[in-house]
Amino acid sequence: MKSRVLVITSGKGGVGKTTTTANLGTALAMQGKKVVMLDTDIGLRNLDVVMGLENRIVFDIVDVVNGNCKIKQALIRDKRFEGLCLLPAAQTKDKSAVTPHQMKNLTNELRKDFDFILVDCPAGIEQGFKNAISGADDAIVVATPEVSSVRDADRIIGLLEAAGLSNSKLIINRLRNKMVKRGDMMDIEDILDILSIDLLGVVPEDETIVVSTNRGEPAVLENSSRAGEAYRRVARRLLGEEVPINAQEDTSNLVDRFKKMLKLAR
Amino acid sequence: MSVEIMAAGVDTELVIDLTAWDSFADMKAELEKNLHAIDNYLMGSFISIDVGSKSISERQLREMEDILLDHGFHFKDLINNHSAQGQNRISINKNNAEILDSADTVLICRNLRSGQKIFNKGNMVILGDVNPGAEVIAGGNILVMGALRGLAHAGALGDEKAIIAAFRLSPTQLRIANHITRPPDGESIVVNNPELAKIRAGKVVIEKLKI
């Protein structure tokens, strides 16, 4: 299988890029893929904390691109999955410590050993963003159902297209079905209408994400987590399986729930 | 603001321009003001001071160095285009800096936050906390009069006898000389006593700090 470099980006901060990277990376590793997650948020690294691997960091991405160490020395092997690795960002430097050219070389080097290279992009559209997308084949855009997030996602998709990444996929994060039904929140159709790119998944708002993030255990490891389930679906869809989007998980009405049970039984 | 970043990159060089001020008192005030304005994440970096054509005595230079250290920065160089006399001072000062770096203990009176990194060739005493993501690196010993939750590297130049002590020792990672350790996975043990880490029989061990 040809390896793929996917950048996870959003423009707006706090919509769940890092959470998505961590969960998607873990979910792909659960499917037996060899995955490396690259944290490119130099100066504000988080992915290591979310993965619970912070205390293993010795070398970081800046050390690698500057040739202070070999890639293998800087890669942190996940404690749960053999095929999952993390290349952490540097915390004491800034975005200018890496150039897009260096990032491209780095991702090409990683292609030799991994099926998936997930690049966690920093918020914003400056140098950090340019670095993160420079080695990518495709982009995954994360947006929450808010006007501001969708606006920024739209801007990002435009920038991605200008950079030659025209096959971006969308993940809608933190959707609250009850609010959508009441008409208080943008629904999936509204968002797709504006962004007009392929939908890769819908992740419901879920308190287990907060718990798992704080504990350093991605939610996909938790069978009862609805968000984790959504991310597992995204991973399978990335691998080419036909999986329904299934946004209607939070069904409050009995008929819907019954229908769902029937569907499951089939 | 007269703080210049000379060469953006890995080794960012900071230069504080004090050429516009005449009296030493003004220069000091301006230096303080500049240091306050510098982003926190640059803390621990080396700073050069440009005094233009003014002559600076050795004592005054020391004073400015102390101001830098108080703010968590290191003195790098004095830029002084005051002909031969000035150059002479630079060389004197370089020697001072080296002696200070090799033998002296540096006192940092502040909390170190994520992304801040401090290096000293000698010992390091921190009156405050070291938060996760912050790095304290010393050629000698490290004493944290507060909680050490970040990374500490003692004996960074190879001294295996170096120790790390803290009132609350719960680091993300401890390094002594070329040994690297991290706390075990799973439940963290909360110890409310001062503790000390050192190398014994080739391993980093943590014990109660007996005073």
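Every value quoted in this text rests on a predicted model; they were computed, and no experiment measured them.

### Points about the packing of helix 1 (residues 24–37) of chain B against helix 2 (residues 58–70) of chain B
Residues and elements named next belong to chain B.
- At a minimum axis separation of 10 Å, helix 1 and helix 2 run at an interaxial angle of 20°. Overall, the two elements helix 1 and helix 2 adopt an arrangement that is roughly parallel. In the packing of helix 1 onto helix 2, the handedness of the crossing is right-handed. For the pair helix 1 and helix 2, contact is made by F24, K28, L31, E32 and L35 and by Q60, E63, M64, I67 and L68, respectively.
- A per-class count over the contact of helix 1 with helix 2 returns 6 nonpolar, 1 polar and 3 charged.

### Thoughts on the UniProt feature "domain: CobQ/CobB/MinD/ParA nucleotide binding" (unreviewed entry) in chain A
- Feature annotation in UniProt places "domain: CobQ/CobB/MinD/ParA nucleotide binding" (unreviewed entry) on residues 6–218 of chain A, given in this structure's numbering.
- Span residues 6–218 of chain A is 40% helix and 19% strand, its end C-alpha atoms 19 Å apart.

### Describing the interface of chain A and chain B
- Counting residues at the interface gives 12 residues for chain A, matched by 17 residues for chain B.
- At the boundary of chain A with chain B, total buried surface from both sides reaches about 1,300 Å², with 46% on carbon and sulfur atoms.
- Three residues, N55, Q91 and T92 of chain A, lead the burial of chain A against chain B; their summed loss comes to 41% of the area buried on that side.
- On inspection of chain A and its partner chain B, the count reaches 2 salt bridges.
- A salt bridge links K79 of chain A to D185 of chain B, with the shortest nitrogen-to-oxygen separation between them at 3.9 Å.
- Run the count over chain A and chain B and you get 5 residue pairs in polar contact (both at pLDDT 80 or more).
- Here the residues of the side of chain A that touches chain B are counted per class, giving 2 nonpolar, 5 polar and 5 charged.

### Topic: the pattern of salt bridges
- Enumeration over the complete set of coordinates arrives at 21 salt bridges over all chains.
- Between R111 of chain A and D137 of chain A there is a salt bridge; the shortest N-O distance is 2.8 Å. Of this pair, R111 of chain A sits in helix 5 (residues 100–111) while D137 of chain A sits in the loop between helix 6 (127–133) and strand 6 (138–143), and the two are 26 residues apart along the sequence.
- Residue classification places R111 of chain A among the partly exposed residues on the basis of a relative accessible area of 22%.
- Connected through salt bridges with shared partners, the residues R56 and K79 of chain A together with R182 and D185 of chain B form a single ionic network.

Rules and cut-offs
- Residues numbered from 1 in each chain as written.
- Chains lettered and ligands numbered in written order.
- Predicted model: local features only at pLDDT ≥ 70, side-chain atom pairs only at ≥ 80, totals over all residues.
- Heavy atoms only, no water.
- Axes fitted to C-alpha atoms, helices over the stretch in contact; angles between N-to-C directions.
- Helix = DSSP H or I, 4+ residues; strand = E, 2+ residues; numbered from the N terminus.
- Parallel < 35°, antiparallel > 145°, perpendicular 65-115°, else oblique.
- Left-handed = near helix turned anticlockwise from the far one by under 90°.
- Contact = heavy atoms within 4.5 Å.
- Nonpolar A, V, L, I, M, F, W, Y, C, P; charged D, E, K, R; others polar.
- UniProt positions renumbered as here; feature names shortened; annotations may be inferred.
- Buried area = accessible area lost by both parts, 1.4 Å probe.
- Salt bridge = Lys/Arg side-chain N within 4 Å of Asp/Glu carboxyl O.
- Polar contact = N/O pair within 3.5 Å; in protein donor to acceptor, adjacent residues only side chain to side chain.
- Buried < 20%, exposed > 50% of the residue type's maximum accessible area, 1.4 Å probe, protein only.

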